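An overview of the molecular structure
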Amino acid sequence: MSEIKLEINGKEVMASPGMTILAAAENAGIAIPTLCHHEKLEPFGGCRLCIVEVTDRGWTKLVVSCVYPVANNLIVRTRTEKVDRIRKTILELLLAHAPDSEPLKELAIEYGADRDRFEKDPSFCIHCGLCVRYCAEVKKKHAVGFVDRGIRKEISFIPEIAARECNDCKECFPLCPTSYLQAAFVLTQALAFSKH
Amino acid sequence: MARLNSPEELERFRKKILAQRDPNKPCISICAGAGCVASGADEVIAAFQSEIENQGLKAEVDTKGTGCPGFCERGPVVVIYPEEICYLEVTAEDVPEIITSTIKEKKVVERLLYENPETGERVTRESDIPFYKNQARNLLCSNIRIDSKRIDDYLAIDGYSALTKSLFKMADVDVLAEVKKSNLRGRGGGGFPAGRKWEGSRNAAEPIKYVIVNADEGDPGAFMDRALLEGNPHSILEGLIIGGYAIGAHEGYIYVRQEYPLAVENIILAIQQAEAYGFLGENILGSGFDFKVVVHQGAGAFVCGESTALMTALEGRVGEPRPKYIRSNIKGLWERPSVLNNVETWANVPLIINKGADWFTQFGTEGSKGTKIFSLVGKINNTGLVEVPMGITLKEIIYNIGGGIPDNKKFKAVQTGGPSGGCIPAEMLDLEVGFDELAKAGSMMGSGGMIVMDEDTCMVDVARYFINFLTDESCGKCVPCREGLRQMHKILTNITAGKGKEGDIELLETLSETAMEASLCALGKSAPNPFLSTLRYFREEYEAHIKEKRCPAKSCKELIAYYIDPEKCQACMLCAKKCPVEAIDGGKKMIHIIDQEKCTNCGTCFEVCPPRFGAVKKISGEPVPPPVAPEKRKLPERKLPERKKKKEQLKNE
């Protein structure tokens, strides 16, 4: 397989075809923040936190590194003023929902995000979809899914499947950046699992 | 009907249809498009049919329910051929007179004709009405000539001749070359050159390819695609088959929103008819080319107009856009090359093939060729669908075709491009309409919505309205769109409610940048446009709302107050009677006063106060003057003219 040579933050990086910028950066020890990314899952491109600036054949644009494929002579900058500003805004938007999320709090320090910039609306879930996608793609059980659309979108356990599958699995629990998933599970368990 | 197996058979059949039609036989065409049906066209059609029956004229007159000709403001529209007499706002009661006068006695019913509001002159022929005269109706002109449920009508106006020309006289590459040469750009919003999109799919290695019609028209106030699908479904189908032939696809999809039941019905019927005639299916007209079409009904999501979301929905999954950085003409539906074009784009294809790219490019500007259909709505005299050559100015559309603004109000802005388009102010009315020109002005072509606003429209509220629409329609997958728009909507709502703060504009700008730069799909990327364009041209309105708690258009309910000018009040009691919350204190000969505590700012008093008094005032950003002192409330006895006195007496009795 032919190697691809690109530049990330001024450093020459080798990658294989089909790799994303995020994977290439990780291999080279360059950290890019993510919330919805998981190596076992298909790229989702939902949180947009891994946004980076790329210059491809003279054309500079912002792309999300978890999806954008590497290419020869690509120049990537993972921290520009604009990138940082966008990441800060994204974090602030999410902190309105989950002000006490550990991963969010850590990133907020890094990017100077103000957890009080937007009025609090604690719904806890930040819609990263890790639980939903892990259950569907890795476990192939579909015990938890998204319901509704847009700002009304929520995760929801499907009681019939969850009652059968979840107690012995719970592999999605540690993936959740806000522990809302556990709460949703306990609620479903209390309300909808049949009692034996 | 037996299948037609060759172009010769089609031409023979076409001649047969035309031979059966007498061009001098009176034909009454009644618009059966959605707009006219809403104003009673169905009853008019039924009335014509029964009246013709009653008067024993069935053999001598044809009637036809046709597609939308565009003049929705004055529907139901009836056109009588061969004279092309156009009657407007026809009701079932007018029908006997039309039959007796126009059909039997060959006399025109004057009162149903268009009347020029300036000169008072009546206009008999449809094409002489200014609304139509100033258009270039390459696509819409067919709507009124055919019954959209009858394929024979389409064949009678040369339908499917572009298909035979493509299949038998042109190689597939020639078809592609002609479309490329025409420089036809996508009519759905992006304006991407259709030929280049087609070429990408054609050259893609994957052998199975698709062509798709995007009929998920969801912009508030837009109904161009609806009118075409309802009125002339075969033209879209013909364009799609030609597109399939050009890129080597044998399967086509029509993604149509289920909120358009008549469009769904007509396109399904058109497919069945085309299959029966052999324009669809295997070995079309004996050419060896196979093509089939499937209709897919959308489930009510605006975002499914976005190409990748539409394709995901077609695959049977939740209609959310894909994050991949690869064009769908290379990897689209089921990861295969897929050409997705909008209804109007496809409808242009048969015209380009029949008349040639050189004919097509004589319309329009350097960068935007051909004509464009706009749905002209809002504060405009002639609401309806207009088809104009690209390059026409906004002023020409709004004044020459649209007839200007009603009630002598001042024009303020025109919003183009759908919810994520922008507002263009009065000083830019000379702007030529084209993809690049509109984008440069901070708006966009979009699919062709055009909402006209007058001086009473608050531009901050307009931004709030569209951001609200987009927040509601966001799929919720990515943060900049879902959360960013939610916050933008909150801030804009606060501003219009008088709760705006210093720094709100800057915060809105930051959120706009995040949505534009970081959103997953075009919905989020373009969503800040309504805010950004109104800020660009009407910044002072934002500042007035935030700093002075004043709405310059006096439209934001929470920033206005009504009060009665004691100098002008004639104590007629009209407003007091009509006030739904009994907030107006007043009696006979007593100057009325509005109780500001009780008032809900509904504006009823303002509307009912007789214009000759003009006593009710709408104010914003200034304190309500204190109520008139009790001793000054009594109106002096006035001498009423004798006539009025009598009238009052009669009323009292």
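A quick note: this is a predicted structure, and the numbers were derived from the prediction, not measured.

To continue, consider the packing of helix 2 (residues 81–95) of chain A against helix 3 (residues 102–111) of chain A. The description of two helices packed together rests on the angle between their axes and the distance between the axes. Residue and element names in this part refer to chain A. Relative to each other, helix 2 and helix 3 sit at 145°, their axes nearing to 10 Å. You can see that helix 2 and helix 3 cross each other, and the crossing is left-handed. Packed against helix 2, whose contacting residues are Asp84, Arg87, Lys88, Leu91, Leu94 and Leu95, the element helix 3 presents Leu104, Leu107, Ala108 and Tyr111 at the interface. When grouped by side-chain class, the residues that make up the contact of helix 2 with helix 3 number seven nonpolar, no polar and three charged.

Another aspect to go through is the domain arrangement of chain A. Here the domain parsing of chain A yields domain 1 (4–77), domain 2 (80–122) and domain 3 (130–192). Relative to domain 3 of chain A, the C-alpha centre of domain 2 of chain A lies at a distance of 25 Å.

Let's shift gears to the packing of helix 20 (residues 504–518) of chain B against helix 22 (residues 529–547) of chain B. All names here are of chain B. Relative to each other, helix 20 and helix 22 sit at 160°, their axes nearing to 11 Å. Between helix 20 and helix 22, the interaxial angle falls into the category roughly antiparallel. Considering the relative orientation of helix 20 and helix 22, their crossing is right-handed. Across the interface between the two elements, Asp504, Ile505, Leu508 and Ser512 from helix 20 touch Phe531, Leu532, Leu535, Tyr542 and Ile546 from helix 22. The residue inventory of the contact of helix 20 with helix 22, partitioned by class, reads seven nonpolar, one polar and one charged.

Here we come to helix 4 (residues 95–104) of chain B. All names here are of chain B. For helix 4, the set of buried residues is Val95, Ile98, Ile99 and Thr102. Looking straight down helix 4, one finds its buried side chains confined to an arc of 110°; they lie on one side. Summarising the contacts, the buried residues of helix 4 are in contact with helix 3 (41–54), strand 3 (78–81) and strand 4 (85–87). One or two steps after helix 4, the chain reaches Lys106, where phi turns positive at roughly 55°.

The rules behind the values
Residues numbered from 1 in each chain as written. Chains lettered and ligands numbered in written order. Predicted model: local features only at pLDDT ≥ 70, side-chain atom pairs only at ≥ 80, totals over all residues. Axes fitted to C-alpha atoms, helices over the stretch in contact; angles between N-to-C directions. Helix = DSSP H or I, 4+ residues; strand = E, 2+ residues; numbered from the N terminus. Left-handed = near helix turned anticlockwise from the far one by under 90°. Contact = placed C-beta atoms within 7 Å. Nonpolar A, V, L, I, M, F, W, Y, C, P; charged D, E, K, R; others polar. Domains from an automatic or database assignment. Parallel < 35°, antiparallel > 145°, perpendicular 65-115°, else oblique. Buried ≥ 20, exposed ≤ 12 C-beta atoms within 10 Å, placed from the backbone. Arc of directions from axis to C-beta.

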